[in-house]
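An overview of the molecular structure
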Amino acid sequence: MELLRKWLGHPEDIYNLLRFKMGGYRAVMPPMDTVSGEGCAGGGMRFAVAGAREEGEMGGTVIHAVCIFYLVLRALDTVEDDMSIPLDVKVPMLHEFHSHLYQPDWKYTESKEKDRQVLEDFPTISMEFRNLSKVYQDVISDICHKMGVGMAEFLEKKVDSQREWDKYCHYVAGLVGIGLSRLFSASELEDSIVGQDTDLANSMGLFLQKTNIIRDYLEDQLEGREFWPREVWSRYAKKLSDLAKPENIDVAVQCLNELITNALHHVPDVLTYLSRLKNQSVFNFCAIPQVMAIATLAACYNNKQVFRGVVKIRKGQAVTLMMDATNIQAVKAIMYQYVEEIYQKIPSTDPSSNKTQQVIASIRAMSLPGSPMASRHHYSPIYVSCAMLLAALSWQYLSTLSKATEEYVQAGEH
């Protein structure tokens with residue numbers, strides 16, 4: 001019955017889940033009829049090395065390049081994450097990883113990570129890489145090299161200052177944004193400025209990465225990882241792990257709010273970047289993770305649950321965002337909606353309240369609602385009534401339906 005109450009509380013989720021299932025996904029995802037439903041963001045080898053050759057709205061060649069780019073970075077990330085690899089082996093491995101793209105037989109078979117297949121099957125990935133146009137190869141190799149060096153740098157040191165937090169996020173996510181932007185420009189689907197303006201592309205990655213780091217505090221703590229910057233959390237606790245103690249919950253939430261305020265500073269850059277995109281599939285590909293990130297930050301802001309469990313946006317909410325974020329005015333309306341939600345939750349006693357209000361004011365100035373999309377959840381009464389009836393009669397079916405979209409939604413969240 002809890003699930004039924006959840007659906008009844010958000011009938012627009014039901015409508016969009018059904019719309020997504022009945023074909024709406026084609027508006028936001030490349031054609032996948034021949035790739036067994038696997039997306040490249042899901043890490044499927046089949047999609048990346050075979051299905052991506054199919055022509056899509058984004059252009060078969062660039063889709064293939066994007067998916068190979070993803071698998072190369074997934075392999076690099078697997079090396080970084082593998083705690084069974086000694087540092088004296090891992091550091092040079094990260095530094096030299098980009099060179100393995102040109103070595104047909106190189107592979108690594110000693111990984112203990114769950115994603116070790118990308119290392120064991122690396123000859124397949126590297127072969128597909130070498131079949132790409134040189135312009136794509138150059139981008140992927142360059143980003144892989146820079147990311148490997150950056151990952152190695154942070155293996156033996158923790159994120160201390162906010163400046164280092166930005167640097168770490170640049171290495172693991174900002175470079176992805178820069179690389180993708182260069183691929184989009186190289187394909188001529190987007191203007192050259194998209195690939196050349198690395199500051200905006202970097203902000204796209206930083207906004208996503210900071211959101212993940214903020215949301216995943218407890219999970220990272222349980223696994224012995226620390227990514228929150230010491231410069232911030234040390235003002236609230238002696239150890240980062242202390243924030244999870246019940247007696248520290250008030251200062252923990254203040255620390256959380258300060259980091260969310262930091263992340264929000266990237267939103268104006270995100271909006272500027274998205275406003276430059278011309279290709280519909282490229283726009284969807286870039287916009288969907290960003291609107292999911294702002295919704296996640298709104299859910300986390302001033303929320304004690306971040307230190308007690310998992311805070312995630314609803315699957316139906318995520319599908320609604322995917323369906324709506326198809327043009328810049330819609331994205332601005334979504335951003336406006338969620339920063340307003342944050343604004344309404346700012347405690348007057350919060351140490352960061354003034355800064356939070358200031359950054360929200362700057363986002364408001366760029367995303368004032370002026371289009372019909374500003375009222376995007378005001379469905380006609382007939383749709384709402386039908387949705388509520390469906391919830392009452394078919395909630396078990398809708399539970400199954402939500403699971404069917406879970407893999408794609410989780411890929412967007414990450």
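Refer to the structure above for everything that follows.
Note that this is a predicted model, so its numbers are computed, not measured. (Residues numbered from 1 in each chain as written. Predicted model: local features only at pLDDT ≥ 70, side-chain atom pairs only at ≥ 80, totals over all residues. Heavy atoms only, no water.)

1. Description of unusual backbone geometry
- Although it is not a glycine, Glu188 adopts a positive phi angle of roughly 70°.
- Of note, Glu188 is situated in the loop between helix H9 (162-186) and helix H10 (192-196).
- Phi is positive for Asn302, which is not a glycine, with a value near 55°.
- Relative to the helices and strands, Asn302 is located in the loop between helix H16 (280-300) and helix H17 (315-324). (Helix = DSSP H or I, 4+ residues; strand = E, 2+ residues; numbered from the N terminus.)

2. Here's the deal with the packing of helix H11 (residues 198-215) against helix H14 (residues 249-264)
- Axis separation between H11 and H14 bottoms out at 9 Å; the angle between their running directions is 170°. One finds that H11 runs roughly antiparallel with respect to H14. Judged by residue contacts, Phe207, Lys210 and Ile214 of H11 engage Leu256, Leu259, Ile260, Asn262 and Ala263 from H14.
- Class assignment of the residues belonging to the contact of H11 with H14 gives a composition of 6 nonpolar, 1 polar and 1 charged. (Axes fitted to C-alpha atoms, helices over the stretch in contact; angles between N-to-C directions. Parallel < 35°, antiparallel > 145°, perpendicular 65-115°, else oblique. Contact = heavy atoms within 4.5 Å. Nonpolar A, V, L, I, M, F, W, Y, C, P; charged D, E, K, R; others polar.)

3. Focus on the nonpolar core
- By size, the foremost hydrophobic cluster in this structure holds 110 residues, and its most contacted members are Trp228, Leu243, Leu264, Tyr273, Leu274 and Phe307.
- Looking at this core, the element that brings in the most residues is H16, giving 13 residues.
- When residues of this core are assigned to domains, at least three map to each of domain 1 (36-134) and domain 2 (191-197 + 207-368).
- Those residues within four positions of Tyr273 in sequence are excluded, and the remaining contacts are Ser181, Phe184, Val194, Leu200, Ala201, Met204 and Cys286. (Core = buried A, V, L, I, M, F, W, Y, C linked by side-chain atoms within 4.5 Å. Buried < 20%, exposed > 50% of the residue type's maximum accessible area, 1.4 Å probe, protein only. Domains from an automatic or database assignment.)

4. Considering the packing of aromatic side chains
- All chains considered together, the criterion is met by 11 aromatic pairs.
- With centroids separated by 5.3 Å and ring planes inclined at 15°, the aromatic side chains of Tyr168 and Phe227 adopt a geometry described as stacked. Here Phe227 lies in the loop between helix H12 (217-222) and helix H13 (230-233) and Tyr168 lies in helix H9, a separation of 59 residues in the sequence. For the residue pair Tyr168 and Phe227, the accessibility class agrees, reading buried in each case.
- With 6.0 Å between their ring centres and 80° between their planes, Trp228 and Phe307 make a pair best called edge-to-face. Here Phe307 lies in the loop between H16 and H17 and Trp228 lies in the loop between H12 and H13, a separation of 79 residues in the sequence. Here Trp228 and Phe307 have matching classes, each one buried.
- Above the ring of Phe154, the side-chain terminus of Lys157 is found at 4.7 Å from the ring centroid.
- Its end group placed over the ring of Tyr343, Arg364 keeps NZ or CZ at 4.3 Å from the ring centre. (Phe/Tyr/Trp six-rings, centres within 6.5 Å; stacked < 30°, edge-to-face > 60°. Lys NZ or Arg CZ within 6 Å of the ring centre and 35° of its normal.)

5. Let's talk about H16
- Taking 1.5 Å per residue, 21 residues should reach 30 Å; H16 reaches 30 Å between its end C-alpha atoms and fits that length.
- Of all bends in H16, the biggest is about 25°, found at Ala287, and the proline Pro289 comes one to four residues later.
- The element H16 is largely enclosed, with a buried count of 18 among its 21 residues.
- Looking at where H16 begins, the residue whose side-chain oxygen comes 3.0 Å from the main-chain nitrogen of Ser281 is Asn279.
- Two residues or fewer after H16 comes Asn302, characterised by a positive phi angle close to 55°. (Expected span 1.5 Å × (residues − 1). Bend = angle between axes of the 7 residues up to and from the residue. Polar contact = N/O pair within 3.5 Å; in protein donor to acceptor, adjacent residues only side chain to side chain.)

6. A look at the side chain of Ser141
- Inspection of the secondary structure puts Ser141 in helix H8 (residues 134-153).
- Judged by its relative accessible area of 12%, Ser141 falls in the buried class.
- When residues no more than four places from it in sequence are discounted, the contact partners of Ser141 are His98, Leu101, Tyr102 and Phe129.

7. Things to note about the pattern of salt bridges
- Enumeration over the complete set of coordinates arrives at 21 salt bridges.
- Notably, a salt bridge pairs Arg230 with Asp160, separated by 3.8 Å at the nearest N-O pair. A residue pair is termed long-range when its members are at least 10 positions apart, and Arg230 in helix H13 and Asp160 in the loop between H8 and H9 qualify at 70 residues.
- By relative accessible area, which is 37% here, Arg230 ends up partly exposed.
- Under the relative-accessibility criterion, Asp160 is labelled partly exposed at 37%.
- Ionic pairing is found between Arg215 and Asp216, a salt bridge with its closest N-O pair at 2.9 Å.
- Classification of Arg215 by relative accessible area gives buried; the value is 6%.
- Overlapping salt bridges bring together Arg74, Asp77, Asp81 and Asp115 as one network. (Salt bridge = Lys/Arg side-chain N within 4 Å of Asp/Glu carboxyl O.)

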